[in-house]
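As a plain string of letters, each chain reads:
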Amino acid sequence: FHWEGIRRCVKHLTQEMRLKVICVIYENWKGNDNLDYPQMVSGVPKDIRDMCQSIEETPRATGKHQKSADDEMTIKCTYRRNCRMLDNDNYRDWLRVMRNEKMRAWLEHSQERIHMKYYFDSGLG
C-alpha cells in the first residue's frame, strides 16, 4: 500500500470533480509515503487529511462478523449522507447480512447509482 494513489485520487475528486471526501479507513493504518524516499507512515498523511472533509477511523475488531468493519462503516457513512461511495468492494455479502432493514433496502435500491468503483493504474506511477 502506498499513499500516493490515495493522494492522487482525493486530489482529483476534490479539485477536479469538486466533491467532498469523507475518508473511511482502519485506525492506525500504515502505508508507504514519499515516492522519492519511501517511508512507512502511520495514519493518514496531513496533506491528504487536509483535502478530506472528515476522516472516519474504523476500529480493528476481531471476530468473523468484524473482518470487514471498514465496509460497514463506509455503508453507514454513505447511507447517513445519501451520497456516493468510492470503493473496490462489491458489497454483495452486505446485502444478505446487514441487520438494519431500512439501510439494506436503501443499499439494494441505490447501489448501482451511488457506488463508484476504481482501480490503480500501475502505468501512471
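Scroll up for the structure.
Scoring rules and cut-offs
Residues numbered from 1 in each chain as written. Predicted model: local features only at pLDDT ≥ 70, side-chain atom pairs only at ≥ 80, totals over all residues. Heavy atoms only, no water. Helix = DSSP H or I, 4+ residues; strand = E, 2+ residues; numbered from the N terminus. Expected span 1.5 Å × (residues − 1). Buried < 20%, exposed > 50% of the residue type's maximum accessible area, 1.4 Å probe, protein only. Contact = heavy atoms within 4.5 Å. Polar contact = N/O pair within 3.5 Å; in protein donor to acceptor, adjacent residues only side chain to side chain. Phe/Tyr/Trp six-rings, centres within 6.5 Å; stacked < 30°, edge-to-face > 60°.

Engineer: Just checking my understanding: could you explain helix H5 (residues 101–114) for this structure?
Structural biologist: Two residues of an α-helix separated by three or four positions point the same way, owing to the 3.6 residues in each turn. For H5, which comprises 14 residues, the first-to-last C-alpha distance of 18 Å matches the rise-based estimate of 20 Å (1.5 Å per residue) to within 8%. Among the residues of H5, those classed as buried are Met103, Trp106, Leu107, Ser110, Gln111 and Ile114. The elements touched by buried residues of H5 are helix H3 (69–81), strand S5 (85–86), helix H4 (94–97) and strand S6 (115–116). The opening residue of H5, the one whose side-chain oxygen lies 3.1 Å from the backbone nitrogen of Lys102, is Asn100.

Engineer: Just checking my understanding: could you explain unusual backbone geometry for this structure?
Structural biologist: One non-glycine residue, Arg18, lies in the positive phi region at around 60°. Within the secondary structure, Arg18 sits in the loop between helix H1 (3–16) and strand S1 (22–26). Its identity is not glycine, yet Asn82 carries a phi of approximately 50°, on the positive side.

Engineer: Help me understand the side chain of Asp87 in this model?
Structural biologist: Mapping Asp87 onto the fold places it in the loop between S5 and H4. Looking at Asp87, its side chain comes within polar contact range of the main-chain nitrogen of Asp89, at 3.2 Å. With residues up to four places along the chain from it excluded, the contact list for Asp87 reads Asp71, Thr74, His115, Met116, Lys117 and Tyr118.

Engineer: How should I be thinking about the environment of Met40 in this particular structure?
Structural biologist: Inspection of the secondary structure puts Met40 in strand S3 (residues 39–42). Taking the C-alpha atoms as reference points, Met40 and Lys30, separated by ten residues in sequence, lie 6.5 Å from one another. Excluding residues within four positions of it along the chain, Met40 makes contact with Lys30, Gly31 and Asn32.

Engineer: What should I look at first to understand the side chain of Asp33 in this one?
Structural biologist: Inspection of the secondary structure puts Asp33 in strand S2 (residues 30–33). Side chain to side chain, Asp33 and Arg7 meet in a polar contact 2.9 Å long. Other than its neighbours up to four places away in sequence, Asp33 contacts His2, Trp3, Arg7, Pro38, Gln39, Val41 and Pro45.

Engineer: Sorry, what's going on with the packing of aromatic side chains here?
Structural biologist: Each aromatic ring pair is summarised here by two numbers: the centre-to-centre distance and the angle between the ring planes. For the structure shown, the criterion picks out four aromatic pairs. Ring geometry for Tyr26 versus Trp29: centroids 6.5 Å apart, planes at 15°, classification stacked. The buried category is assigned to Tyr26, whose relative accessible area is 11%. With relative accessibility at 23%, the residue Trp29 sits in the partly exposed group. Their ring planes at 75° and their centres at 5.3 Å tell us that Tyr79 and Trp106 sit as a pair that is edge-to-face.

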